[in-house]
Amino acid sequence: MTSTLLYTVLILSLLGGVLAVVLYFIAQNFKVQEDPRIDQVLEVLPGANCGGCGFAGCRVFVETFINNPNRTDLFCPVGGNQAMQLAAKVLGREAREQVPKVAVVRCNGSCEVRPKINEYDGSPSCAVVADLYAGERACSYGCLGLGDCVQACMFDALVIDPVTCLPVVDEEKCTSCGACVTACPKNLMELRPKGPKNRRIYVACSNKDRGALARKACPVGCIGCGLCVKACPFDAITLTDNLAYIDPDKCRLCRKCVAVCPTQCILEINFPPKKQDTAHE
Amino acid sequence: MNKLLVSPAPHWYGKETTQGIMRDVIIALVPAVLVSLYLAGVSALLVLMVSVAGCVLVEHLIVRYMMKKKTTVHDLSAVVTGLILALNLPVSSPWWMVLIGCVVAIGVAKMTFGGLGHNLFNPALVARVFLLISFPVQMTNWAVANGIFTPENPLIPGFLLGLQGQLPDALTGATPLGIVKEGLANGVSIKALAAQHNFSYSGMFFGHMSGSLGEASALALLLGFIYLLVRKVIRPIVPLSIVITVALFSGLLHLADPIQYADPLFHLLSGGLLLGAIFMATDYVTSPMSPLGMIIFGVGIGIITMLIRVWGAYPEGVSFAILFMNALVPLINKIKPFPYQKEVKRG
Amino acid sequence: MSKTFSIGGIHPNDSKFSKDQAIEDLPIPKRVFLPMNQHLGMPSVPVVKKGDRVKVGQKVADPAGFVSAPVHASVSGTVTEVALYPDFQGKRVTTIVIETEGDEWLESIDRTQQVKQEITIVPEETFRKITEMGIVGLGGAAFPTHVKLTPIEGMAPEYLILNGSECEPFLTSDYRLMIEHGQEILIGAELMRRVLGTNVNGIIGIEENKPLAIQAMKKITANYLQWKVVPLKKRYPQGGEKQLIDALLQRKVASFALPISTGAIVQNVGTAFAVYEAVQKGKPLISNVLTVTGSDLSVQENYRFRVGTPIQDILEAAGALDKDGKLLSHFVKVVNGGPMMGKAVVNLQAPVVKSSSGLLLLTEKETKRREPGECIRCAKCFQACPMRLQPYLLYQLALAGRTEELDEHRVFDCIECGCCLYTCPARIPLLDQIRLAKNALLKNKRKK
């Protein structure tokens, strides 16, 4: 009886001792040397692992950020300027400011103005539809409404409005990570600067057809008439492939284009109700 | 105007449904169920009914009130689980034990993993093993089939009370595997045991073997097997590889020492081997998908079963063997199938 | 025992309800639409402009490179427009619209019914004619035929396989063609065989559910030493190039390799007929045969149509439209092609093209997809896949966007036959996602 006890204790102690030594050597030999600053920088970033910066994850981004002090394009869109400043502070650098951006939907064709002309019955995915055919609704450039962007959004910032059947961006939640931009097979999502007081103007259409065709497909689409181009006092609007585009860097938010657009496809966001004398900001 | 329907190709589909497959499995189980009813009458019926109803109810409650989704019981998979669980229990199982089995099978082994298609282990088997370990007395109380009512309470089926301790000795009996195991442990030879307990192969084949509900008749199980094959519900690879492995394994042992080891036929017909090989190892969700994987799976089950039967503490090892191999299925599924044709060049 | 391919496949009900309907000529449409992308490869370039008068058979578009094909006017009349028009899927394609006036053919075309049997032309001339007459593969993919007949260095053709398997359920156009024009098909095939080389052997593969066609072709091949008919077991997708080569020659085409790497070239029977007409009669590919069918037995026709006829016109002739010109209400889906690989039609005003082989009308009960269930890992998709892929796995990888693993699991081998989705008891949209992932990967690869 006592001998059994003794042997058990002995064997287990021996085993424990040997394993401890083995563990020690393994820990010594396979120690990973890592820049301690990586963890410090990671601490101040939001750590969403969304890929919005263009890297495979936060860690890779931070590594690149630390090792390339001269690159200007490294920016965490989720954390924004605030987080980047903190990160720069950890490394003792100057932060580079970037204009905060937000995703906008460049389609205005709600289900009301653009009724279904056929019934889709396959996988509920915009990508599959776009791969297959022109889509359920008349305009073949417009939103397919199956919500690939909503699926792609990690921040719950997108939701399909049940009334318009179009995705709606929640400005508060949107981090401009760009996941929706890659997800949309029709390339409808664009990251635009949030603008002063969150005010911005953009063309909510992506139709590149000639006027008559575009008009037939959707009454609120850009018909490429060029009225906005002429109306813009700052040369901010260009017309390519029958589609107007407002350059956010040049736009001064005067809203002249909004007034002249015959199809009302230029949207103004977060402006107070229009009065006669507030045309200029 | 009716709008045209659009979808990617193909535009029509086969008639098979998940529900249809489950229905086929249920039909395949009918012979075994009938045999158990014939042998044990109302007691068997009650075990079967409680088990099926319990499984369906547990699934319904969990899906409806815990997962807050539309109920999934119409896919009939819970019925299959219930039937297989019942067939794995002794006739004398008390009702509360069957119900615990249902909760373990559906609640623990199936729904916690996410329901149909996601479970790692065969639900009925998990329940059986759980019960076997938790209630060893009740689970090994092998009533010899004939008592519909207990002698003391002629109007109350023994099932309601739980038969243990109430049956006269003449009505309970050990399974052939149990007898052999115990006999060998006491140094009695196989031949002597066979003569003493009078078990014949024809009896085991046609259904006079004591054991759980579904183990009684090999013939009934084989009928179900043939039905499943004809309806192309299962492929014969897994059952065949199990049976062949067991036959080879036991055959070699028997050749080496006929006194110590029973012959292959005994091993094939006794215990839950056929029930397990035909209905539990072939469960889609918990078995490999490629033919090669199926062979590995079947051979593994065969070997482990024999190891437990011959050298293990339990007389029967099919359930443990299948559960063990279930755990390896994700790994086995990683084996890539042979390519259609090896690549010549990449362009 | 009849031959068949060795891996996977399914046995759908063949539903060939229209097999006893003789081929009829459709009336000449009032207007035809000739899209520029009727073949695989670069879209053709129009050579006519608005207001031009054209005759039947006159070239209206040039090929835009080697892998491309010319387009010919299928009616005589005036070109009213060269513009973007939505095709049957609603995608915009440059289209030549011709308003029909009379039926005036080019003099060079022999319009007699007489079969011109003797081959007087040299192979080089045959090849030139095939190229000029805009012949494309009529089995479905519409690959320009002359490209397939062009020799590739180091890969000598041994066999010319004529594909008469028509494994798609419902379709009967090839079947009727073989019964009614077997002689012409064989002359066309013989012309192609001579282009490939005199030592090339010809095999005609026909599935067993077409006994009359097998009989007819056997009778005709008796006079051609180099040709033989091989009956095949009924099984889908037997008509796939790789499967047909496997079935007839027991050779397998490797990933990314061309079928010619096994020494075999596959041509459809319809293509052979078109080659006959082009070479012996001087007639470009301006008409083809298609089946209008469905499980509604009242709409069962085999038509010879002029390329560019609006789908609406064909359905009207077949009696699938009501008085107001709308589709009969019990049909919910029109498929251009067969039920397994055909494409759903969105726009009935769009035309049928060179390679159209059928218009299939399906009812809601037949075609509406069920809500997908959970994968029960039955591996039926794996068993059905003729390319021995693991569709359930590819589906999961595609959903997760794990492109490298998709490549590793040979997603490029997928021939999009639809067996996996057909056979899935839970009706999981396996092929939808696999096809999408495959196309996206291909696009990426091309970019690189």
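Residues numbered from 1 in each chain as written. Chains lettered and ligands numbered in written order. Predicted model: local features only at pLDDT ≥ 70, side-chain atom pairs only at ≥ 80, totals over all residues. Heavy atoms only, no water.

*Asks:* An account of a positive patch on the surface is needed here, citing residue identities and associated values.
*Replies:* Residues and elements named next belong to chain C. Together, Lys91, Lys343, Lys443, Arg446 and Lys447 give the surface a local cluster of positive charge. Top contributing element to the positive patch by residue count: helix H13 (residues 430–447), with 3 residues. Tracing the backbone through its elements, the reader meets Arg446 in helix H13. (Patch = residues over 30% accessible without salt bridge, like charges linked within 9 Å, V, L, I, M, F, W, Y side chains within 5 Å. Areas by Shrake-Rupley, 256 points an atom, 1.4 Å probe, with all protein chains shown as cover. Salt bridge = Lys/Arg side-chain N within 4 Å of Asp/Glu carboxyl O. Lys, Arg positive; Asp, Glu negative; His and termini not counted. Charge placed at Lys NZ, Arg CZ, Asp CG, Glu CD. Helix = DSSP H or I, 4+ residues; strand = E, 2+ residues; numbered from the N terminus.)

*Asks:* Please set out the packing of helix H1 (residues 18–66) of chain B against helix H3 (residues 95–110) of chain B residue by residue, giving values where relevant.
*Replies:* Residues and elements named next belong to chain B. Two numbers describe how H1 lies on H3: the axes approach to 9 Å, and their chain directions differ by 35 degrees. Handedness of the H1/H3 crossing: right-handed. Only Trp95, Val98, Leu99, Cys102, Val103, Ile106, Gly107 and Lys110 of H3 make contact with H1, whose side of the interface consists of Val47, Val50, Ser51, Gly54, Cys55, Val58, Glu59 and Ile62. The class makeup of the residues in the contact of H1 with H3 is 11 nonpolar, 3 polar and 2 charged. (Axes fitted to C-alpha atoms, helices over the stretch in contact; angles between N-to-C directions. Left-handed = near helix turned anticlockwise from the far one by under 90°. Contact = heavy atoms within 4.5 Å. Nonpolar A, V, L, I, M, F, W, Y, C, P; charged D, E, K, R; others polar.)

*Asks:* Residue-level account of the state of the cysteines, with values.
*Replies:* Taken as a whole and judged by the stated rule, the model has 1 disulfide over all chains. The disulfide partner of Cys111 of chain A is Cys165 of chain A, and the gap between their sulfur atoms is 2.0 Å. Taking the sign of the S-S torsion, 85 degrees for the link of Cys111 of chain A and Cys165 of chain A, the bridge is right-handed. Residue Cys111 of chain A is located in the loop between strand E1 (101–105) and strand E2 (118–120), and its partner Cys165 of chain A is located in the loop between strand E3 (158–160) and strand E4 (167–169); the two are separated by 54 residues in the primary sequence. Between Cys417 of chain C, a cysteine without a disulfide, and Cys419 of chain C, which holds the nearest cysteine sulfur, the sulfur-to-sulfur distance is 3.5 Å. Looking at Cys424 of chain C, it has no disulfide partner, and the nearest cysteine sulfur is the one in Cys378 of chain C, 6.2 Å off. Note on Cys424 of chain C: relative accessible area 9%, which makes it buried. (Disulfide = S-S within 2.5 Å. Buried < 20%, exposed > 50% of the residue type's maximum accessible area, 1.4 Å probe, protein only.)

*Asks:* Which residues make up the interface of chain C and chain B, and what values do they have?
*Replies:* At the interface, 72 residues of chain C touch 43 residues of chain B. When the buried area of chain C at its contact with chain B is split by residue, Phe256, Ile376 and Arg377 of chain C rank highest and sum to 14% of it. The interface formed by chain C and chain B contains 2 salt bridges. Across the chain C-chain B interface, the total number found is 16 residue pairs in polar contact (both at pLDDT 80 or more). Secondary-structure elements contributing two or more residues to the side of chain C that touches chain B are helix H5 (241–249), strand E15 (331–336), strand E16 (343–344), helix H8 (364–367), helix H9 (380–384), helix H11 (403–408), helix H12 (419–423) and H13 of chain C. Among the elements that take part in the side of chain C that touches chain B, E15 of chain C stands out by supplying 5 residues, more than any other. Grouping the amino acids of the side of chain C that touches chain B by side-chain chemistry returns 37 nonpolar, 13 polar and 22 charged. (Buried area = accessible area lost by both parts, 1.4 Å probe. Polar contact = N/O pair within 3.5 Å; in protein donor to acceptor, adjacent residues only side chain to side chain.)

*Asks:* I'd like a rundown of the packing of aromatic side chains, residues and numbers included.
*Replies:* Taken as a whole and assessed by the stated rule, the structure comprises 13 aromatic pairs over all chains. Ring geometry for Trp96 of chain B versus Phe135 of chain B: centroids 5.3 Å apart, planes at 75 degrees, classification edge-to-face. Taken together, the positions of Trp96 of chain B in helix H3 and Phe135 of chain B in the loop between helix H4 (123–134) and helix H5 (136–139) put the pair 39 residues apart, joining distant regions of the chain. Ring-pair connections join several aromatic residues into one group, and the members of that group are Trp12 of chain B together with Phe17, Phe170 and Tyr422 of chain C. In this structure, Arg93 of chain A packs its charged tip against the face of Phe65 of chain A, placed 5.0 Å from the ring centre. (Phe/Tyr/Trp six-rings, centres within 6.5 Å; stacked < 30°, edge-to-face > 60°. Lys NZ or Arg CZ within 6 Å of the ring centre and 35° of its normal.)

*Asks:* So what's going on with the sheet that holds strand E8 (residues 92–100) of chain C? Which residues, and what values?
*Replies:* Residues and elements named next belong to chain C. Strand order across the open sheet formed by 4 strands is E2-E8-E7-E4, with antiparallel pairing between neighbours. A strand with exactly one partner marks an edge of an open sheet, and here the two such strands are strand E2 (31–35) and strand E4 (53–54). In terms of strand pairing, E4 meets strand E7 (residues 77–86) through 2 bridges, oriented antiparallel. Counterpart to Arg53 in the pairing with E7 is Thr78. (Pairing = 2+ DSSP bridges.)

*Asks:* Outline a nonpolar patch on the surface, listing residues and values.
*Replies:* Side chains of Leu14, Val18, Val22, Ile26 and Phe30 of chain A sit close together on the surface and give an oily, nonpolar patch of about 510 Å² of accessible area. Position of Phe30 of chain A relative to the elements: it lies in the loop between helix H1 (2–29) and helix H2 (36–44).

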